[in-house]
Amino acid sequence: NPWTNSIRSSAHIHRDNGISVLVTGAAGFIGSHVSLALKNRGDGVVGVDNFNNYYSPSLKRTRQSLLDFHGVYIVDGDINDYRLLSMLFNTVPFTHVMHLAAQVGVQYAIDNPYVYVHNNIASFITLLERCKVSNPQPAVVWASSGSVYGIQNKNNNPFSEMDRVDLPSTIYASTKRTGEEIARTYNRLHGLSITALRFFTVYGPWGRPDMAYFSFIKNILTGEPITMYRANRAKNHLHLARDFVYIDDIVKGCVASLDTSGKSTGSGGSKNGSAPYRVFNLGNGSPVTVPELVTVLEDNLKMKATKDVMDMCGNGDDSFAYVNISLAEKEIGFKPTTDLQTGLKEFVKWYLWYYGKPFDCDRT
Ligand code: NAD
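None of the values given here were measured: they were computed from a predicted structure.

Novice: Any chance you could explain the overall build of the chain here in plain terms?
Specialist: Looking only at helices and strands, the chain features 12 helices and 14 strands. Radius of gyration (C-alpha) of the chain: 20 Å, near the 21 Å computed for a compact globule of 364 residues. Projected onto its principal axes, the C-alpha coordinates of the chain cover approximately 55 × 45 × 40 Å. Once local pairs closer than 6 in sequence are excluded, the contacts in the chain between residues at least 24 apart make up 82%.

Structure representation (structure tokens):
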């Protein structure tokens, strides 16, 4: 196999505890950061990514080059391919799988629902089927999403893991929720150790161009107006608020989840009560409104945005979403430390470096 030597060298472990991780979606935003962090602390890391063109394949290739420079090899392939997964597992006895590959995006799902079923549900089953027959079985940590909480009016209280998750408002959220049920079943039936991480809105350098903060910075730089939606709930005209969490904090949460994931116990393992199934919210724990976010971007760029404010249709019950992270803090020591000002400053610096500085923008 042409990849074998590269895979073996990428999986080379530099420290005593023998951790070797397969990272799916390694050329993605979160996957590239997590791969680098694991490699830098001495774990063996092999990535896999299909470099789909949902957003800029060239951004994914640049992340790949960066990882390559640091000794992380990314196999160009699709995790729906069981034979590919088998080749990887036969080459490296992975102790952990960090499953971050997915079809992301909420709007795209409206016209392309099957792409989500294929990449978020079918591929997850294929991956778990391969993990199931590995000896020893790897512990699996994977990305669910805060979107599983869907539309529910919490009276501005944060979501906790005990909240209902039967009201997804998008196909993307439905596939993540389905993934959680599938994961739980594999844990129960096959003794796989599985941790589901419900990420909220992750931002930072090397981020995803389809996300709102990307279009905000672009619009500020080009003078295009930014549309800010308000929820008309109880006529209070609340601005949309989300839980923005900085990429470095999410990476720490992923690594801590991996380090505490416990052992898979093989078929029937959880009947013995030993293979853990865990779910954690990973966010920042405080809401940020869109105007607040835009103001921080404006301050960093020393430029003013043109703003259009519009009222949203619908009841706006999912207009205000943030998260309780106390379970993750208690169980895995998760404590985000990056405030919005610091995180966005890093993002803006990276954006201007990567995309170049428009003639009228002060980079200092
Ligand atoms: P991303 O799109 O940057 O990364 C996903 C990567 O997976 C991409 O590089 C893509 O090419 C790859 N991929 C998709 N389908 C594949 C397949 N079948 N085989 C191989 N590779 C495949 O997204 P991200 O923001 O880094 O998200 C990572 C994970 O975190 C995803 O599971 C996502 O649903 C979840 N998540 C992200 C956020 C966020 O704010 N970024 C929030 C909640 C959940």
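Next comes the rest of the write-up.
Novice: Looking at this model, I keep getting lost on the site of the ligand. Mind explaining?
Specialist: Around the ligand lies a shell of 29 residues, among which Gly25, Gly28, Phe29, Ala102 and Ala143 are the nearest. Counting residues per element, the ones that place at least two in the shell around the ligand are α2 (29-40), β2 (44-49), α6 (113-132) and β7 (201-203). Broken down by element, the shell around the ligand gets its largest block of residues, 3 residues, from α2. In the shell around the ligand, the residues fall into 13 nonpolar, 12 polar and 4 charged.

Novice: Any chance you could explain helix α3 (residues 57-69) here in plain terms?
Specialist: Each turn of an α-helix holds 3.6 residues, which means side chains three or four residues apart point in the same direction. With 13 residues, α3 extends 18 Å between its outermost C-alpha atoms, agreeing within 8% with the 18 Å of an ideal straight helix rising 1.5 Å per residue. In this structure, the buried side of α3 is in contact with α2, β2 and β3 (73-76). A positive backbone phi angle near 85° is found at Gly71, which sits one or two residues after α3.

Novice: What is the right way to read helix α12 (residues 340-355) from this model?
Specialist: Helix length check: α12 (16 residues) gives 21 Å between terminal C-alpha atoms against 22 Å at 1.5 Å per residue, within 8%. Within the sequence span of α12, burial applies to Gly343, Leu344, Phe347, Val348 and Tyr351. Angular distribution of buried residues about the axis of α12 spans 135°; they occupy a single face of the element. For α12, the exposed residues lying more than 90 degrees away from the buried face are Gln341 and Trp353. Of the surrounding elements, those touching the buried residues of α12 are β7, α8 (212-222), β11 (244-246) and α10 (290-301).

Novice: Quick question: what am I supposed to make of the packing of α6 against helix α7 (residues 171-190) here?
Specialist: A pair of packed helices can be characterised by two numbers: the angle between their axes and the separation between those axes. It is the contact of α6 with α7, at a shortest axis distance of 10 Å, that shows an interaxial angle of 15°. With respect to their mutual orientation, α6 and α7 come out roughly parallel. Note on packing geometry: the crossing formed by α6 with α7 is right-handed. Residue-level contacts link Pro113, Tyr116, Val117, Asn120, Ile121, Phe124, Ile125, Leu128 and Lys132 of α6 to Ile171, Tyr172, Thr175, Lys176, Thr178, Gly179, Ile182, Tyr186 and His190 of α7. Taken together, the residues of the contact of α6 with α7 sort by class into 11 nonpolar, 5 polar and 2 charged.

Novice: Any chance you could explain the nonpolar core here in plain terms?
Specialist: Generally speaking, soluble globular proteins have nonpolar side chains that are buried together. Of all hydrophobic cores here, the largest spans 96 residues; its most connected members are Val46, Met98, Leu282 and Leu297. If you tally residues by element for this core, the top one is α10, at 6 residues. The residues that make up this core include at least three from each of domain 1 (4-202 + 245-282) and domain 2 (212-241 + 285-322 + 338-355). Apart from the residues within four sequence positions on either side, Met98 is in contact with Val21, Val23, Val34, Val141, Cys254 and Leu258.

Novice: Before we go on, may I ask you to explain the sheet that holds strand β12 (residues 277-282) in this structure?
Specialist: Strands belonging to one sheet form pairs held by backbone hydrogen bonds; the direction of such a pair is parallel or antiparallel. In spatial order, the strands read β3-β2-β1-β4-β5-β6-β12; together these 7 strands make up an open sheet with parallel pairing. Of all the strands in the sheet, the pair left with one neighbour each is β3 and β12. Neighbour-to-neighbour, the strand axes of this sheet turn through a mean angle of 20°, independent of strand direction. Sheet analysis places strand β1 (residues 20-24) next to strand β4 (residues 96-99), joined by 4 bridges and oriented parallel. Bridging across to β4, Val23 finds its partner in Met98. Lying over the sheet, α7 contacts β5 (139-143), β6 (194-199) and β12, oriented at roughly 165° with respect to β6.

Novice: What exactly am I supposed to notice about the environment of Thr289 here?
Specialist: Summarising the element assignment, Thr289 is placed in strand β13 (residues 288-289). Exposure remark for Thr289: the 17 C-beta atoms within 10 Å place this residue in the partly exposed category. A C-alpha to C-alpha distance of 6.4 Å links Thr289 and Arg242, two positions 47 residues apart in sequence. If we skip the residues at most four places from it in the chain, Thr289 touches His239, Leu240 and Ala241.

The rules we used
- Residues numbered from 1 in each chain as written.
- Predicted model: local features only at pLDDT ≥ 70, side-chain atom pairs only at ≥ 80, totals over all residues.
- Helix = DSSP H or I, 4+ residues; strand = E, 2+ residues; numbered from the N terminus.
- Rg over C-alpha atoms; globule rule 2.2 N^0.38 Å.
- Contact = placed C-beta atoms within 7 Å.
- Near = placed C-beta within 6 Å.
- Nonpolar A, V, L, I, M, F, W, Y, C, P; charged D, E, K, R; others polar.
- Expected span 1.5 Å × (residues − 1).
- Buried ≥ 20, exposed ≤ 12 C-beta atoms within 10 Å, placed from the backbone.
- Arc of directions from axis to C-beta.
- Axes fitted to C-alpha atoms, helices over the stretch in contact; angles between N-to-C directions.
- Parallel < 35°, antiparallel > 145°, perpendicular 65-115°, else oblique.
- Left-handed = near helix turned anticlockwise from the far one by under 90°.
- Core = buried A, V, L, I, M, F, W, Y, C linked by C-beta atoms within 7 Å.
- Domains from an automatic or database assignment.
- Pairing = 2+ DSSP bridges.

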